[in-house]
Amino acid sequence: MTFPDPAASGSGRRTLHLVGNAHIDPVWLWRWPEGLQEIRATFRSAVDRMEEYPDFVFTCDSVMYLEWIERHDPELFETIRTRVAEGRWQIIGGWWVEPDCNIPSGESFVRQALYGQRYLLEKFGTTATIGGNLDPFGHNATLPQLLRKSGMEGYVFLRPGPHEMALPGQFFHWEAPDGSRVLAYRLPNEYCAPGKDIGHHLDKSLALMPPDEPELMVFYGVGNHGGGPTRANLDSIRRLDGLGGLPRLTLSHPAAYFETLRERADIPVHAGELQHHGPGCYSAHSGVKEWNRRAENELQRAEKWAAVAGTVAGVRYPHRQFAEAWKLVLFNQFHDILAGTSIRSAYDDARDDYGRARSLAAEAFNRSVQAMARRIDIPLRESTDPLVVFNPHPWELNADVEVEFGRAAGARLADDTGAAVPVQRTRSEATMAGSRGRVAFRATVPPLGHRVYHLLPGDPAAPAAPGPVSATGTTLENEHLRLEVDPATGWLSSLHDKDRGVELLPPGPGPHAVVIDDPSDTWGHRVRAYDRVAGSFRCTRVRLVETGPVRAVLRVESRYEHSSLAEELVLSAGSRQVEVRAVVHWHERLRTLKLRFPTALSGVTATHEIPYGHLERVPDGTEEPTQAWVDVSGTLPGGGRAGLTVANDSKHGHDVRGGEIGLTALRSPVYAWHEPQVLDPDGVYEYLDQGRQEFRYLLIPHGGDWRAADPVRRAAELNQPPFALLESFHEGPLPQRAAHADDGAGSVVVTVVKEDEDRSGDLVVRAYESAGRATSARIALTMLGGRVIEAAFGPCEIKTFRVPRDPQRPVTETDLLERPGPA
């Protein structure tokens, strides 16, 4: 059966490119084994339709589905390869899956393309040129740059819809902060269609699109649980096209449609993100957000140290291990998993996958640091225990380190030169007198380097020596900051920046831990802001739980109905930030917990971290997706400039209202609950985020420009903390203090040091400009005998370099797929 050739009809009708597809959720209201079966069935159906309808073209995305088919149905996979070569099976997207497009880190988006596009190149000899994320719930502003640098020039999406965000056209040039552009197309109506006649689907789609465009595109095919185009779909297209009352209907694919726009000079531009749809997704299921953040950071830490160990100690780089771990992470970034909108049992699988990924990362990291540690020259020092601290960042690290050791006598500390280092006992994880001890100290460690310290004997019962942090039952003060807790509210009544002589908080600040009435569904459909206050936590106790030469800690305990909150405020000697360690026991339903951080600032600029970048947003209380930090900068009542950054280790939903930051700590809707379904008052449901969770965040005051606070590096240090390893005495070729890579600690931040995917032994170094200002960078790779990368970066630009181990071969810039040649 063939369809009329629109080009031969002689008609003046417009053309509608119909794209046969099957959006497939491998996990949502079902678990992954059912998802795998639906992929097999859908792909089999697609190749069967090709036998029956010679003009039918099928379009798919999500490269992981093809790998699954290769593994589980090799015969079907070979048929697909044949159809790809014929041009009748089109692959768009180029990513491992359709991930949530707000929550993953910048590097995770790189890996979506790295593993996806390289698989396509290996198996099909080509890569996708059109990106596609049809179902995710918003799209971050960095994506055009990430798409361009992984070989894609177009992008297809559905959400946000026209009622959620006005855009300059059905198609437009989408521009990232660095100036990169892709041609984007917002699908009308839906990405799927009923299994029968699609006339109504086409009517609704056309009603949403401009009437004067000569060529437009509509997707069709049964979706979500798979299915794809049906015989009834294809027969109805022939019937509808023959009637003549619609535009010419041509069986097409996205690349063919985008080709029709290539020479257009009148395409408008949209700069910035594509938001908002389902803002509850930024915070639903705290567990999966935490698992993801941990896995991303632990994998990047492991890669860096595996690269160092491979270069310095000759340890084999575990390519296959890292690939397995990253693919587990990428799969679980699928939008209905990471957004928190799947059924409860699906998160048992996600937990196990993330656990496997983290275990692989831990194994690779441990192998690397053990190999390095045993090569350090550590001469015998009687009655001491050597301790090696590893810095996972390519800049000098000054941070508190906590370490457990096997006896309670380690009450003093010396560095590699023998100089005394302040140390203080803190709570051990073990509750056994005399068998274990735990100390905290401030370590200074070279960039992506190591440093040896020595635990020395002392009297464990001796009182802690006084230090530069003074503390009472409600106050903490060091050289730079002074804070006071109000026992009536359980939060700060004062945060004084001593360096600038300014008070950041307003008089009589409101409640801190605010409970929000949240009757919205799991996605948070129709919600703009979480601001319907139901109450707040009431402080029950404030006490000083630790003090000494290193730091002081105030513990604030609060309650709300069936729930409790404990926050420990940590102020360290010499620190310009306050660390807060929060533990929540949550037992509320259809409620949201917001932690609010008021300031005395007015005329504020609100800046949010996004994947590999930052974005200014209107401070009007809208719930926003954020990476690891958000900042408010503005004017104090006296006219001076100041600001406050809040950084965190696992949270993504934030709002800014005037000078006040709100962090969404958790939400408790019903699992996989979608409007307009109404909850039965007598129904039995399972609610998200019940029970215990813990997280950390930082309060970083500054002088009015967030760049001075360097929140990118401070948040990175919170999410990838230093690692301490008890060691033994031995000879070795490495010094007790060494750096292995240094990015200069400027606005260009190195995030990745790894071996290349081609396994040639080259190193891959990735960095991005984090301040929004053009600059030059000098990246020193000490581990390669002092090789240096020197490059100019545009504002917000991401660059990737291949660095051969052979010093005679030049450093080259490459794309995100690590392909040889110019980027």
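Before going into details, it helps to say that this report is about the structure given with it.

Reading the values: the criteria
- Residues numbered from 1 in each chain as written.
- Predicted model: local features only at pLDDT ≥ 70, side-chain atom pairs only at ≥ 80, totals over all residues.
- Heavy atoms only, no water.
- Axes fitted to C-alpha atoms, helices over the stretch in contact; angles between N-to-C directions.
- Helix = DSSP H or I, 4+ residues; strand = E, 2+ residues; numbered from the N terminus.
- Parallel < 35°, antiparallel > 145°, perpendicular 65-115°, else oblique.
- Left-handed = near helix turned anticlockwise from the far one by under 90°.
- Contact = heavy atoms within 4.5 Å.
- Nonpolar A, V, L, I, M, F, W, Y, C, P; charged D, E, K, R; others polar.
- Buried < 20%, exposed > 50% of the residue type's maximum accessible area, 1.4 Å probe, protein only.
- Pairing = 2+ DSSP bridges.
- 1 Å grid on protein atoms, 1.4 Å probe; cavity = no way out; pocket = protein on both sides within 12 Å on 5 of 7 lines; lining within 4 Å.
- Points joined across faces, edges and corners; volume = space filled by probe spheres on them.

### What about the packing of helix α2 (residues 63-72) against helix α4 (residues 106-124)?
Two numbers describe a pair of packed helices, the interaxial angle and the distance between the axes.
Then, in step 1: Where α2 contacts α4, the two axes come as close as 9 Å, and the packing angle between them is 45°. Considering the angle they form, α2 stands oblique to α4. By crossing handedness, the relation of α2 to α4 is classed as left-handed. Residue-level inspection shows V63, L66, E67 and E70 of α2 in contact with α4, the latter providing G116, Y119, L120, K123 and F124.
Then, in step 2: Split by residue class, the contact of α2 with α4 holds 5 nonpolar, 1 polar and 3 charged.

### With respect to the environment of H72
Then, in step 1: By the element assignment, H72 lies in helix α2.
Then, in step 2: A relative accessible area of 42% places H72 in the partly exposed class.
Then, in step 3: With 35 residues separating them in the primary sequence, H72 and Q37 have C-alpha atoms 9.9 Å apart.

### Some details on unusual backbone geometry
Then, in step 1: Backbone torsion omega between R159 and P160 reads 5°, so that peptide bond is classified as cis.
Then, in step 2: Here P160 lies in the loop between β5 (154-157) and β6 (171-175).
Then, in step 3: Put simply, Q275 and H276 share a cis peptide bond, and its omega is 0°.
Then, in step 4: Structurally, the position occupied by H276 is in the loop between β10 (269-271) and α9 (286-312).
Then, in step 5: A positive phi angle is found at E561, which is not glycine, with a value near 45°.
Then, in step 6: Residue placement: E561 occurs in the loop between β25 (551-560) and β26 (563-572).

### Thoughts on the sheet that holds strand β14 (residues 423-425)
Then, in step 1: Pairing is antiparallel across the open sheet formed by 3 strands, whose spatial order is β12-β15-β14. Edge positions in the open sheet fall to β12 (397-405) and β14, since each of these has one partner strand only. In this sheet, neighbouring strand axes are inclined to one another by 25° on average, regardless of whether the strands run parallel or antiparallel.

### Things to note about the packing of helix α1 (residues 32-52) against α2
Then, in step 1: As a packed pair, α1 and α2 sit with axes 10 Å apart at the nearest point and diverge in direction by 85°. Between α1 and α2, the interaxial angle falls into the category roughly perpendicular. Each of W32, G35, L36, I39, R40 and F43 in α1 lies in contact with α2, whose residues at this interface are Y65, L66, W68, I69 and H72.
Then, in step 2: In terms of residue class, the contact of α1 with α2 is made up of 8 nonpolar, 2 polar and 1 charged.

### Quick notes on the layout of surface pockets
Then, in step 1: Its volume calculated, the second largest pocket comes out at about 700 Å³.
Then, in step 2: As for the second largest pocket, its lining consists of 34 residues, of which R159, H163, E164, H277 and H525 are closest to the centre.

### Digging into empty space enclosed by the protein
Then, in step 1: Scanning all chains against the criterion turns up 9 cavities of 30 Å³ or more.
Then, in step 2: Taken as a whole, the largest cavity spans an internal volume of roughly 390 Å³.
Then, in step 3: Forming the walls of the largest cavity are 25 residues, and the residues nearest its centre are S105, N297, Q300, E609 and A716.
Then, in step 4: Those elements giving two or more residues to the lining of the largest cavity turn out to be α4, α9, β29 (602-610), α14 (711-719) and β39 (748-755).
Then, in step 5: It is α9 that provides the largest number of residues to the lining of the largest cavity, a total of 5 residues.
Then, in step 6: For the lining of the largest cavity, the per-class residue count stands at 11 nonpolar, 9 polar and 5 charged.
Then, in step 7: Space inside the second largest cavity adds up to approximately 100 Å³.
Then, in step 8: The wall of the second largest cavity is formed by 13 residues, among which A22, H23, T59, C60 and D61 lie closest to the centre.
Then, in step 9: Of the residues contributing to the lining of the second largest cavity, the split by class is 8 nonpolar, 3 polar and 2 charged.

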